[in-house]
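Structure at a glance
Here is how the chains run, residue by residue.
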Amino acid sequence: MSARDRVAWLRREIARHDYQYHVLNDPLIPDAEYDRLLRELEGLEAGHPELVTPDSPTQRIGGAPAEGFEEVVHAVPMLSLANAFSDEEVADFDRRARERIGHDATLTYLAEPKLDGLAVSLRYEDGVLIRAATRGDGGKGEDVTRNVRTIAAIPLRLMGEGWPPVLEIRGEVFMPRRGFEAFNRRARERGEKPFANPRNAAAGSLRQLDPRVTAQRPLAFQAYGLGEVAFAPSPSGRRLQRGSRLATPGARCPGLGRGKDLPDTQSGRMAWIKAWGLPVSPELATVDGVAGCLAYYRELGERRDGLDYDIDGVVYKLDDIAQQEQLGYVSRAPRWALAHKFPAQEELTRLLAVEFQVGRTGALTPVARLEPVFVGGVTVSNATLHNMDEVERKDVRIGDTVIVRRAGDVIPEVVRSAPERRPADAQPIRMPPQCPVCGSDIVRPEGESVARCSGGLWCSAQRREAIKHFAARRAMDIDGLGDKLVEQLVEQGLIRNPADLYQLTLEQLAGLERMAEKSAANLIQALEASKETTLERFLFALGIREVGEATARALAHSFGDLEPLMAADEPRLQRIPDVGPVVAAHVQAFFRQPHNREVIDQLRAAGIRWEPLALTAPVESPLAGKTFVLTGTLSRPRDAIKDQLLALGAKVAGSVSKKTDYVVAGADAGSKLAKAGELGIPLLDGAGLDALLVESQGGTHQGFRPDLRP
Ligand code: D41
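Residues numbered from 1 in each chain as written. Predicted model: local features only at pLDDT ≥ 70, side-chain atom pairs only at ≥ 80, totals over all residues. Heavy atoms only, no water.

**Structural notes on the overall build of the chain**
Across its full length, the chain holds 24 helices and 28 strands. Considered along the principal axes of its C-alpha atoms, the chain spans approximately 95 × 60 × 55 Å. The buried share of the chain, reckoned over its 710 residues, is 47%. Within the chain, residue pairs in contact and separated by at least 24 positions form 68% of the contacts whose partners lie at least 6 positions apart. Of the roughly 34500 Å² of accessible surface on the chain, a fraction of 50% belongs to carbon and sulfur atoms. (Helix = DSSP H or I, 4+ residues; strand = E, 2+ residues; numbered from the N terminus. Buried < 20%, exposed > 50% of the residue type's maximum accessible area, 1.4 Å probe, protein only. Contact = heavy atoms within 4.5 Å. Areas by Shrake-Rupley, 256 points an atom, 1.4 Å probe, with all protein chains shown as cover.)

**Concerning the nonpolar core**
One finds I478, L501, Y502, L539, L562 and F591 to be the most contacted residues of the largest nonpolar core, which totals 53 residues. Of all the elements in the fold, those that place two or more residues in this core are α12 (460-471), α13 (483-491), α15 (517-530), α16 (535-541), α17 (549-559), α18 (562-567), α20 (581-592) and α21 (594-605). One finds I154, A223, L262 and L278 within the second-largest nonpolar core, a separate group that totals 35 residues. (Core = buried A, V, L, I, M, F, W, Y, C linked by side-chain atoms within 4.5 Å.)

**A word on the sheet that holds strand β8 (residues 220-230)**
Across the sheet, four strands lie side by side as β5-β4-β7-β8; this open sheet has antiparallel pairing. The sheet is open, and its two edges are formed by β5 (128-134) and β8, each paired on a single side. Shown here is a sheet whose adjacent strand axes are inclined to one another by a mean of 25°, direction ignored. In this structure, strand β7 (residues 166-174) lies alongside β8, joined through eight bridges in antiparallel fashion. (Pairing = 2+ DSSP bridges. Axes fitted to C-alpha atoms, helices over the stretch in contact; angles between N-to-C directions.)

**Considering the packing of aromatic side chains**
This structure, assessed with the given rule, holds nine aromatic pairs. For the pair F470 and Y502, a centre-to-centre distance of 6.5 Å together with 80° between the ring planes defines the contact as edge-to-face. Placement of F470 in helix α12 and of Y502 in the loop between α13 and α14 (506-510) is noted, with a sequence separation of 32 residues between them. For the pair shown, F470 and Y502 are each scored as buried. (Phe/Tyr/Trp six-rings, centres within 6.5 Å; stacked < 30°, edge-to-face > 60°.)

**Observations concerning the site of the ligand**
Taken together, 16 residues surround the ligand, and among them L79, E112, L115, E172 and K317 come closest. E172 places a polar side-chain atom, nitrogen or oxygen, 3.2 Å from a nitrogen atom of the ligand. Contact between the ligand and Y224: a nitrogen atom at 3.3 Å from a side-chain N or O atom of the residue. Its free accessible area being 480 Å², the ligand has 87% of it covered by the protein chains. Secondary-structure elements contributing two or more residues to the shell around the ligand are β3 (108-115) and β10 (311-318). The leading source of residues in the shell around the ligand is β3, at four residues. Residues belonging to the shell around the ligand are distributed by class as follows: 10 nonpolar, one polar and five charged. (Near = heavy atom within 4 Å. Polar contact = N/O pair within 3.5 Å; in protein donor to acceptor, adjacent residues only side chain to side chain. Nonpolar A, V, L, I, M, F, W, Y, C, P; charged D, E, K, R; others polar.)

**Some words on the packing of α12 against α13**
Two elements in contact, α12 and α13, have axes whose closest approach is 10 Å; the angle formed by their N-to-C orientations is 140°. The orientation of α12 relative to α13 falls into the category oblique. Remark: the crossing between α12 and α13 carries right-handed chirality. Of α13, the residues touching α12 (which contributes S460, R464, I467 and K468) are D483, V486, E487 and V490. Partitioned by chemical class, the residues of the contact of α12 with α13 number three nonpolar, one polar and four charged. (Parallel < 35°, antiparallel > 145°, perpendicular 65-115°, else oblique. Left-handed = near helix turned anticlockwise from the far one by under 90°.)

**Regarding the sheet that holds strand β27 (residues 662-665)**
Across a sheet, strands are paired by hydrogen bonds formed along the backbone, either parallel or antiparallel in direction. Within the open sheet, the four strands sit side by side as β26-β25-β27-β28. Their pairing is parallel. At either margin of the open sheet sits one strand with a lone partner, and together these are β26 (651-653) and β28 (683-684). Sheet topology note: the strand β25 (residues 627-631)/β26 ladder contains three bridges and is parallel. Its bridge partner lying in β26, F628 is registered against V652.

**Topic: the pairing of strand β14 (residues 346-358)**
Of the pairings in the sheet, the one linking β14 to strand β18 (residues 401-405) comprises five bridges and is antiparallel in character. Bridge pairing links R350 to T401 in β18. Where β14 and strand β15 (residues 364-375) come together, seven bridges link them in antiparallel fashion. Across the sheet, the residue bridging to V358 is L364, located in β15. What sits between β14 and β15 in their antiparallel hairpin is a turn of five residues, with G362 showing a positive phi close to 85°.

**Details of the confidence of the model for the chain**
Across the chain, the average pLDDT comes to 87, with 92% of residues at or above 70. Low confidence marks residues 234-260, where pLDDT is under 50. Its contacts with residues over four positions away, or in another chain, come to 54 contacts. Below a pLDDT of 50 lies the segment residues 700-710, which in the model reaches 24 contacts outside its immediate sequence neighbourhood of four places, other chains included. (pLDDT = per-residue confidence, 0-100.)

**Brief notes about the pairing of β3**
For β3, a buried count of seven out of eight residues is recorded, marking the element as mostly surrounded by other parts of the structure. The pairing of β3 with strand β9 (residues 285-288) spans four bridges and is antiparallel. Note that in β9 the partner of A111 across the bridge is A285. Across seven bridges, the pairing between β3 and β10 is antiparallel. Within β10, the position partnered with L115 by the bridge is I311.

**Points about the pattern of salt bridges**
Within this structure, the stated rule accounts for 47 salt bridges. A salt bridge links D310 to R177, with the nearest nitrogen and oxygen atoms 2.7 Å apart. Of this pair, D310 sits in the loop between α9 (289-303) and β10 while R177 sits in helix α5 (residues 177-189), and the two are 133 residues apart along the sequence. Each of the two residues, D310 as well as R177, counts as buried. (Salt bridge = Lys/Arg side-chain N within 4 Å of Asp/Glu carboxyl O.)

**Some thoughts on the environment of R592**
Secondary-structure assignment places R592 in helix α20. The class of R592 is exposed, set by a relative accessible area of 53%. Separated by 25 residues in sequence, R592 and A567 place their C-alpha atoms 9.5 Å apart.

**Regarding helix α1 (residues 3-23)**
Over its 21 residues, α1 extends 29 Å from the first C-alpha to the last, a length consistent with the 30 Å expected when each residue adds 1.5 Å. What α1 keeps buried is the set V7, L10, R11, E13, I14, H17, D18, Y19, Q20 and V23. Where the residues of α1 are buried, they touch α2 (31-47) and α8 (266-275). (Expected span 1.5 Å × (residues − 1).)

**Details of the state of the cysteines**
Under the criterion given, the structure shown has zero disulfides. The thiol of C435 is unpaired, and the distance to the nearest cysteine sulfur, on C453, comes to 3.7 Å. With relative accessibility at 4%, the residue C435 sits in the buried group. (Disulfide = S-S within 2.5 Å.)

**Let's talk about the environment of A691**
You can see A691 is positioned in helix α24 (residues 686-696). Look at A691 and you get buried, because its relative accessible area is 3%. C-alpha of A691 to C-alpha of I495: the two residues are 196 residues apart in sequence and 47 Å apart in space.

Shown next as structure tokens:
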């Protein structure tokens with residue numbers, strides 16, 4: 001094969017894999033193989049400079065910095081979108097559309113996510129990307145061609161052959177969340193200022209004068225429509241024939257000889273845009289009438305946090321192009337499209353005060369008391385500041401105007417302050433020297449970001465949290481003993497420790513607020529039922545620091561019963577897989593405390609019992625010691641999966657870190673999945689997990705690991 005032929009083949013092959021990866025989300029080859037193709041092409045082009053063309057994938061990398069951006073006049077203006085913030089406004093929009101069209105029938109809309117990025121127009125002539133421009137004021141924008149060329153999701157040459165000779169594709173450039181997080185992490189490591197949000201990151205990256213900088217930014221693109229489309233033969237004289245073939249197997253692009261011949265629906269046109277090799281949203285859906293629009297809005301709104309990109313609403317577009325033309329435009333926006341916005345996830349408000357909450361282990365969490373503000377669909381008046389390092393990093397002071405964020409069911413947090421609005425009397429936030437609940441000293445070990453109350457179980461806050469933990473479902477599983485009830489019981493002085501629970505009487509319980517006789521009786525029964533337990537549950541329920549479910553299980557199986565464990569010294573404890581010096585010290589310290597021994601005695605006297613375990617050799621499963629994180633909706637109950645993993649000696653953690661070995665991601669997995677991607681942690685879907693479980697139990701199931709690119 002000649003160099004010319006090989007170069008042409010490599011370009012086609014690379015373009016095909018770009019399409020598989022960025023548009024179809026279905027890579028056919030591993031990254032390394034893709035890199036080899038690209039390197040081979042680079043080598044050939046270096047040896048044959050005459051073969052280099054502007055649409056070669058090697059030309060994405062970008063050249064020297066530019067002086068500034070040239071102005072581009074859009075041949076067809078880039079319109080804006082009318083906004084709606086309520087269901088009523090959507091209903092009004094639909095009603096007006098039906099009135100203008102003059103019929104009562106239900107209208108069909110194409111619904112899609114509204115990406116929070118930057119609108120651009122891509123101009124292809126004879127199938128080759130010749131210009132990319134920002135939206136600007138809609139009439140004219142800036143020439144960002146060299147930067148846009150570096151975005152791998154944007155084809156430099158259209159696929160197939162059926163495209164019009166002049167074709168403008170409009171869409172949004174955006175930065176997916178996982179790329180954004182990774183980029184910001186690197187920025188912080190280098191001491192640079194991170195971007196406030198993915199939108200700013202995308203805009204900042206696209207407006208780089210040096211395309212080599214843009215090339216390093218993880219930008220993506222999704223098309224949402226067309227600009228200028230011209231079917232006249234281009235100056236280079238390419239002739240389009242009726243029935244030219246499209247890239248998608250089987251798809252036909254009939255009669256592109258005349259302007260009228262684009263599909264006559266918005267959805268049909270989007271399908272063609274996709275077939276030409278451009279990414280379109282996987283969430284596109286045609287819906288009927290207001291009811292269909294609102295159902296789509298709610299459904300996507302619920303999945304919003306699980307998407308890997310920010311969206312700030314959904315867009316409805318009349319699907320029928322003839323109807324679009326009937327409706328026309330008002331000022332700069334089409335009457336046939338509407339952006340239905342989600343409630344903002346970030347708002348400004350004032351920080352009134354900071355209080356410190358004491359957790360089960362005594363950890364102090366600074367909590368912001370805020371001027372109530374409507375954010376993420378609810379009114380928020382408290383938000384976490386995490387810890388003092390974060391307070392410092394975010395530069396927050398009392399009296400400041402702060403940005404509050406509430407995304408999905410995540411607890412609201414203070415993102416940062418707006419220092420330009422800082423009043424002269426703003427007060428720095430100080431960690432109190434004594435516990436606000438019990439008055440014990442606060443200690444913060446060198447190098448740790450968490451400060452703790454040293455009061456232990458003397459501190460009523462720690463006691464209350466310890467009892468909540470003791471009663472929890474995966475601990476002693478005391479049905480009906482919720483957080484609010486524990487708080488009441490502790491406040492009224494009815495219980496001081498977990499053992500007191502078993503001394504409660506029906507009369508005491510029935511006397512509580514919002515407690516009917518019947519539920520009091522049920523609770524007594526639940527307490528009775530909880531006495532029959534297992535050693536591992538009991539150990540976990542004690543709330544020994546650093547002893548989670550997996551460690552509790554390992555301890556239970558290694559000692560068989562409580563007495564030998566309580567008598568064990570640190571070297572003996574450290575012989576257990578995954579018990580290091582820190583855990584061993586915490587276990588020892590716990591059992592050395594006279595108070596703890598007393599509570600344990602009382603619990604056993606109250607009748608708590610378990611079956612002693614036959615001593616087993618440390619689990620030899622290949623999963624022993626491996627840490628899993630479960631996220632998203634899985635096909636089986638999470639608890640069942642967890643039990644299975646624990647039984648194989650694995651651990652199940654709540655958050656993804658460098659120590660995580662596997663992330664099991666179900667449907668609608670969100671930030672944990674993104675984090676796993678960033679850290680390069682192997683991902684499993686439900687089937688992948690099952691395969692792994694079968695394998696580690698000595699099964700013969702042929703497990704597979706999907707090729708997962710970052
Ligand atoms: O995802 C978006 N941000 C998006 C923006 C979208 N899905 N569709 C859009 N459709 C239009 C019309 C109907 C005017 C073609 C848009 C925009 N416009 C738009 N983006 C920025 C300004 C207008």
